[in-house]
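Per-entry structural report
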Amino acid sequence: MHIRILGAAAGGGFPQWNCNCPNCGGVRREELNARPRTQSSIAIRGADETAWTLVNASPDILAQLHANPQLQPGRAYRDTGIRNIVLTDSQIDHTTGLYMLREATKPWPLWCTDSAFDDLTTANPILQVLRRYCGVDRRRIDVAGEWFAVEGSEDLRWQAIALPGKPPPYSARTPQPGDVIGLLVEDLRTERRLCYAPGVAHIDSGLFELMCSSQCVLVDGTFWTDDELVRLGVSHKRAADMGHLSQTGGMIKWLDRLPATTRRVLIHINNTNPILVEDSPERALLSSHSIEVAYDGMEIVL
Ligand code: MLT
Ligand code: MN
Ligand code: ZN
């Protein structure tokens, strides 16, 4: 299975347009050893090089497709290598790109939970709007743990992991299982697995077991500390309030407990996070724990 990181940053991207934190200001002025990153999205394929599944549709999708020409097989005047779209939640940074994909010539097979579908048809009715364009062919992701397969990639199987989290700030719903999911993706040919969880508020033994069963974990790297935004004075929200387990608040400790051969990669990194700076002490600490930091264009082959 091939995994392409289209965007490794959290909502806002890096640098964020209105942010002058040391990271955003520094990278904008080209004073920092740090790469800009677009907002959260990955693409996954099995054996067929022309059948990708887009996992989350970032507001930056057009730039991401431009930067990843392998997603454009060019077989017809109108074509795409994206066959399916899977959502892990209904957050703005994971769904706004659906608008940019409206020129599709047929309805998008769109896999999401009932919670996400509810948000995307009520509080943020993207899917209603898209009905007047390409439309979507909604496929239900069950949070009870049933495996599913997406069209065109029958050599991969997928399972949702209900994660602790919250509905997005725009949603008036009360929290329920399915608001945020992680994904286990298994290549049936090799039995190798990816565990993808760009937003996870805390890790329990169930999730940890699934992480242990995977050859690569691609997990929430949003914040270094729980009070990162509070300390910078840019928000009153702590990482935990936003559904993110910080690296120093427990993520590093959990990753340390994985089998030695598991590849550990952080993704969905907020622009304030010091690990974005390649020569920072925080980045060195991650390296000493064999933890990688995802970047746009990174390819993981499992
Ligand atoms: C989050 O996951 O908390 C988001 O990146 C927030 C956002 O999109 O504004
Ligand atoms: Mn996000
Ligand atoms: Zn910033």
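Fair warning: this is a prediction, and the values are worked out from it, not measured in the lab.

1. So, the sheet that holds strand β13 (residues 291-293)
In space, the seven strands of this open sheet follow the order β7-β8-β9-β10-β11-β12-β13, with mixed pairing throughout. Only two strands of the sheet have a single partner each, and these edge strands are β7 (147-148) and β13. Where helix α7 (residues 205-212) meets the sheet, its contacts fall on β8 (156-162), β9 (181-187), β10 (192-197) and β11 (216-220), and the angle it forms with β8 comes to roughly 160 degrees.

2. Re the coordination of the zinc ion (ligand 3)
Summarising the metal site, the zinc ion (ligand 3) is bound by the protein donors C19 (SG), C21 (SG), C24 (SG) and N271 (OD1), whose distances to it range over 2.3 Å. Coordination at the zinc ion (ligand 3) is tetrahedral: its four donor atoms span angles of 97 to 122 degrees at the metal. Counting along the primary sequence, the residues that act as donors to the zinc ion (ligand 3) give the motif C-x1-C-x2-C-x246-N. Here N271 lies in the loop between β12 (263-267) and α10 (281-288) and C24 lies in helix α1 (residues 22-28), a separation of 247 residues in the sequence. Taken as a pair, C24 and N271 share a single burial class, namely buried.

3. Quick word on helix α5 (residues 114-121)
Taken as a whole, α5 has its buried residues at S115, A116, D119, L120 and T121. Looking at the buried side of α5, the elements it contacts are α3 (92-95), β5 (108-112) and α6 (126-130).

4. Concerning the site of ligand 1
Around ligand 1, the neighbouring residues are G11, D93, M242, H244 and H268. A distance of 2.9 Å separates an oxygen atom of ligand 1 from a polar atom in the side chain of H244. Note that an oxygen atom of ligand 1 is positioned 3.2 Å from one of the side-chain N or O atoms of H268. When the residues that make up the shell around ligand 1 are grouped by side-chain class, the tally is one nonpolar, three polar and one charged.

5. Quick word on the pairing of β9
Among the seven residues that make up β9, seven are buried, leaving the element largely enclosed by the rest of the structure. Residues I181, L183, V185 and D187 point to one face of β9 and G182, L184 and E186 to the other, with burial holding for every one of them. Looking at chain direction, β8 and β9 are connected through seven bridges and run antiparallel. Residue R157 lies in a different strand from β9, and its bridge partner there is E186. Bridge analysis of β9 against β10 gives five bridges, and the strand direction is antiparallel. For L183, the partnering residue across the bridge sits in β10 and is Y196.

6. Regarding the side chain of N23
Within the secondary structure layout, N23 lies in helix α1. From its side chain, N23 meets the backbone oxygen of N271 in a polar contact 2.8 Å long. A distance of 2.8 Å separates the side chain of N23 from the backbone oxygen of N273, its partner in a polar contact. Apart from the residues within four sequence positions on either side, N23 is in contact with F14, L32, N271, T272, N273, P274, L276 and V277.

7. Things to note about the sheet that holds β5
The sheet built from seven strands is open, its strands ordered β6-β5-β4-β3-β2-β1-β14 with mixed pairing. Unpaired on one side and paired on the other, β6 (136-140) and β14 (299-301) mark the two borders of the sheet. Adjacent strand axes in the sheet meet at a mean angle of 25 degrees when their direction is disregarded. Pairing of β5 with β6, which is carried by five bridges, proceeds in the parallel orientation. Paired with P109 across the bridge in β6 is D137.

8. Let's talk about the coordination of the manganese ion (ligand 2)
Bound to the manganese ion (ligand 2) on the protein side are D93 (OD) and H268 (NE2), at distances that span 2.1 to 2.2 Å. Linking D93 in helix α3 with H268 in the loop between β12 and α10, this pair joins segments that are 175 residues apart in sequence. In this structure, D93 and H268 share a single accessibility class: buried.

Definitions and limits used
Residues numbered from 1 in each chain as written. Chains lettered and ligands numbered in written order. Predicted model: local features only at pLDDT ≥ 70, side-chain atom pairs only at ≥ 80, totals over all residues. Heavy atoms only, no water. Pairing = 2+ DSSP bridges. Helix = DSSP H or I, 4+ residues; strand = E, 2+ residues; numbered from the N terminus. Contact = heavy atoms within 4.5 Å. Axes fitted to C-alpha atoms, helices over the stretch in contact; angles between N-to-C directions. Donors = N, O, S within 2.8 Å, 3.2 Å for Na, K, Ca; no water. Tetrahedral: all angles 85-135°; square planar, octahedral: opposite > 155°, others 65-115°. Buried < 20%, exposed > 50% of the residue type's maximum accessible area, 1.4 Å probe, protein only. Near = heavy atom within 4 Å. Polar contact = N/O pair within 3.5 Å; in protein donor to acceptor, adjacent residues only side chain to side chain. Nonpolar A, V, L, I, M, F, W, Y, C, P; charged D, E, K, R; others polar.

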